[in-house]
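Architecture at a glance
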There are 2 protein chains.
Amino acid sequence: MTTKIDINAAARLLLEKDNIIILCHKNPDGDTLGSAAALCHALTAMGKKCAVACHNRIPSKYDYLEIPVYDNQFDVEYVVSVDVAGVNLLGDNLMEYAHKVDLCIDHHGSNGNYANYLCLYADYPAAAQVMYELLVAMNADITPHIADCLYTGLITDTGCFKYSSTTPLTHEIGARLMELGAQHTMLVERFFMSKSRKAVQLEKFMLNNLEYYFDDRCALLALTREVMMEIQPDPTDLDGLSSMPRNFEGVDISILIRPLKEEGNYKLSIRTGETVDACALASALGGGGHIRAAGCEVVGSIETVKKAILKEVENALCQ
Amino acid sequence: MTTKIDINAAARLLLEKDNIIILCHKNPDGDTLGSAAALCHALTAMGKKCAVACHNRIPSKYDYLEIPVYDNQFDVEYVVSVDVAGVNLLGDNLMEYAHKVDLCIDHHGSNGNYANYLCLYADYPAAAQVMYELLVAMNADITPHIADCLYTGLITDTGCFKYSSTTPLTHEIGARLMELGAQHTMLVERFFMSKSRKAVQLEKFMLNNLEYYFDDRCALLALTREVMMEIQPDPTDLDGLSSMPRNFEGVDISILIRPLKEEGNYKLSIRTGETVDACALASALGGGGHIRAAGCEVVGSIETVKKAILKEVENALCQ
């Protein structure tokens with residue numbers, strides 16, 4: 001049974017606890033990592049024992065967050081998840097916590113209500129926006145470093161204030177975090193103005209292999225195991241690849257299919273424009289997410305996976 | 001003799017005047033047009049006669065600004081320029097006003113002091129940021145439409161809050177304008193999330209044909225006459241193509257060579273990172289520009305043009 005609570009109640013809960021582990025979602029992005037790092041640094045500064053855990057090794061791109069990774073340095077008494085919409089997103093390495101999450105801090109409307117307490121703000125574009133208000137409510141000292149962590153979440157989940165989820169409050173918090181010392185230029189360069197060689201190779205592959213369906217309203221890219229073997233991209237090299245074709249003239253739906261480790265398993269990332277609900281498409285195949293950005297995992301051959309998602313797309317476009 | 005004044009003084013001046021023409025810079029962008037439109041709509045709502053003038057026809061992309069273009073509908077009594085750093089940027093069609101500008105509202109540190117009064121805020125990333133504060137100081141009614149005009153200037157001159165010129169105040173004003181009704185999603189989609197089919201074709205050609213030199217520190221793209229004939233891009237389709245490779249890992253210099261109308265004439269666009277002076281490279285071949293973005297025109301075959309610029313690049317990298 002999940003109890004929904006607001007930011008002030010979540011702040012009171014956290015202030016009472018100690019020996020806290022903070023869980024990120026698997027295939028971590030700037031929002032789950034930045035928000036978790038901010039909370040961890042703030043709680044640690046309050047004298048609590050606290051560390052972060054993630055299914056995956058944290059990509060080196062995020063080294064500057066200086067995340068203290070959990071390594072049995074204390075006995076866990078309280079489990080918090082950040083930006084994790086469902087238990088399946090914790091990943092195998094964190095499965096031991098799946099039914100032990102005390103508090104979930106999230107911004108996904110599709111949250112699976114798996115935690116005892118849920119602090120959910122579905123109209124916030126980033127978990128970092130919830131986290132900023134939570135730290136304020138906790139009367140935490142938001143140092144320049146914590147401001148960097150939060151600004152990371154804010155810019156990575158809003159495409160640097162581009163996505164339609166951006167609100168006046170998002171700008172307000174952006175302003176506050178810059179005033180508190182967030183390094184706007186360094187962070188924007190890192191996430192939006194530098195492209196790794198492998199990301200460039202993937203973009204080239206995308207432009208040469210993008211498939212168009214339904215009067216070109218749907219663009220689909222299938223990354224085969226072969227091309228993944230050839231390019232060997234880091235997970236961060238794939239950032240943005242799924243949403244790129246959405247910006248092409250006439251494209252309402254962009255789908256990226258990529259292989260998961262287990263043979264026959266594929267991850268789909270779905271990005272949509274104003275006319276199509278990405279979450280509904282993903283949900284039809286057992287996934288979830290937001291209205292413009294969602295995802296799911298499907299078992300099958302790349303051809304059956306394609307067929308399955310294109311059938312859902314066809315239904316959505318016919319409505 | 002130019003007198004520098006602050007926003008409050010500029011507001012008092014404008015409130016006193018009537019029959020006002022507002023001048024934009026040539027090859028107009030979202031900031032000069034959005035700021036001029038906002039001022040024009042605000043002054044008109046105050047019962048004043050007011051219109052906007054520009055050397056060029058206003059691109060249809062900006063139709064939603066609903067700019068009232070000056071067409072002798074009143075006798076001009078007061079001349080205001082917006083976002084125009086020097087008289088040469090007015091363009092031939094506005095040369096009659098070159099020495100008659102009463103008030104210049106600008107954010108370029110390089111402003112040529114050509115107006116009687118200069119309201120210059122060089123640390124503001126956009127003229128629209130000056131204009132917002134000016135309208136507030138004039139106690140103007142910032143309607144949702146005026147908010148759209150100002151938000152247009154703000155996002156186009158900051159790369160949607162990406163450039164290092166973005167400050168906390170920029171975010172604050174972004175928040176205010178959204179609250180006042182600026183259509184964030186429509187405007188961001190229009191300027192940052194739509195890529196024409198031809199622009200996509202050019203990007204694909206770029207990724208498949210980019211040449212790397214000097215340990216990959218220099219990326220060069222030569223657009224042949226053949227590919228230009230095949231794709232037939234509009235000038236706006238080429239926007240950004242020259243700077244794209246500059247964001248690739250390890251690339252300090254990005255050069256785009258494209259054919260001009262006359263056989264054997266080529267235009268070079270040069271974009272550089274922090275270590276190389278683009279203007280020096282362009283100057284060596286008879287061109288000019290800014291330290292990070294410059295250009296020149298060269299006569300020859302595409303091979304001799306390449307050779308000439310690569311020689312200059314080699315010299316620059318050896319220094």
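Below, the structure is looked at part by part.

On to the sheet that holds strand β9 (residues 253–259) of chain B. All names here are of chain B. Taken in spatial order, the 6 strands make up an open sheet running β7-β8-β9-β10-β12-β11, and their pairing is mixed. The open sheet has two edge strands, β7 (211–213) and β11 (288–289), and neither has a second partner. As defined by bridge partners, β9 adjoins strand β10 (residues 265–272) across 7 bridges and the pair is classed as antiparallel. Bridge pairing links Pro259 to Tyr266 in β10.

Where interface size is quoted, it is often the accessible area lost as the parts come together. The partner chain B presents 35 residues to the 36 residues of chain A that form the contact. With both chains or domains summed, chain A and chain B bury close to 3,500 Å², and 56% of this area falls on carbon and sulfur atoms. When the buried surface of chain A facing chain B is broken down by residue, Lys162, His171 and Arg197 of chain A rank first, second and third, together holding 19% of it. Our count for the chain A to chain B interface comes out at 5 salt bridges. One salt bridge connects Glu189 of chain B with Arg246 of chain A, and the closest N-O pair in it is separated by 2.9 Å. Our enumeration of links across chain A and chain B arrives at 21 residue pairs in polar contact (both at pLDDT 80 or more).

One finds Leu39, Ile105 and Leu135 of chain A together with Leu39, Ile105 and Leu135 of chain B to be the most contacted residues of the largest nonpolar core, which totals 123 residues. Filtering out sequence-adjacent residues up to four positions away, Leu39 of chain A remains in contact with Leu14, Ile22, Val80, Val82, Ile105, Met131, Leu135 and Met138 of chain A. Among the nonpolar cores identified, the runner-up in size contains 35 residues, and Leu202 of chain A together with Leu221, Leu238 and Val251 of chain B belong to it.

Attention now goes to unusual backbone geometry. All names here are of chain A. Phi is positive for Cys160, close to 55 degrees, though the residue is something other than glycine. Mapped onto the secondary structure, Cys160 falls in the loop between α4 (144–158) and α5 (168–179). Residue classification places Cys160 among the buried residues on the basis of a relative accessible area of 1%. Phi at Asp215 is positive, roughly 55 degrees, even though this residue is not glycine. Residue placement: Asp215 occurs in the loop between β7 (211–213) and β8 (218–222).

Quick notes on the rules
- In this numbering scheme, every chain counts its residues from 1 along its sequence in written order.
- Numbering of ligands from 1 and lettering of chains from A proceed in the order in which they are written.
- The model is predicted, so local features are restricted to residues of pLDDT at least 70 and side-chain atom pairs to those at 80 or more, both for listing and for counting; the totals for chains, interfaces and linings are taken over all residues.
- Side-chain measures here rest on the full set of heavy atoms in the structure, leaving out hydrogens and waters.
- Pairing between strands requires that DSSP locate at least two bridges from one strand to the other.
- By the criteria applied, helices consist of DSSP H or I runs no shorter than four residues and strands consist of E runs no shorter than two, each listed in order from the N terminus.
- Contacts are residue-level and defined by heavy atoms, with any inter-residue pair within 4.5 Å sufficient.
- Put simply, buried area is how much 1.4 Å-probe accessible surface two parts lose in total, over both of them, once they are put together.
- Any Lys or Arg side-chain nitrogen found within 4 Å of a carboxyl oxygen on Asp or Glu counts as a salt bridge.
- Identification of polar contacts relies on pairs of N or O atoms within 3.5 Å, with a donor-acceptor requirement for protein atoms, meaning one able to donate a hydrogen and the other able to accept it, and with residues adjacent in sequence counted only if both atoms are side-chain atoms.
- In this text, buried Ala, Val, Leu, Ile, Met, Phe, Trp, Tyr and Cys residues form a nonpolar core when linked through side-chain atoms within 4.5 Å.
- With a 1.4 Å probe rolled over the protein chains alone, any residue whose accessible area is under 20% of its type maximum counts as buried; one over 50% counts as exposed, and the rest are partly exposed.

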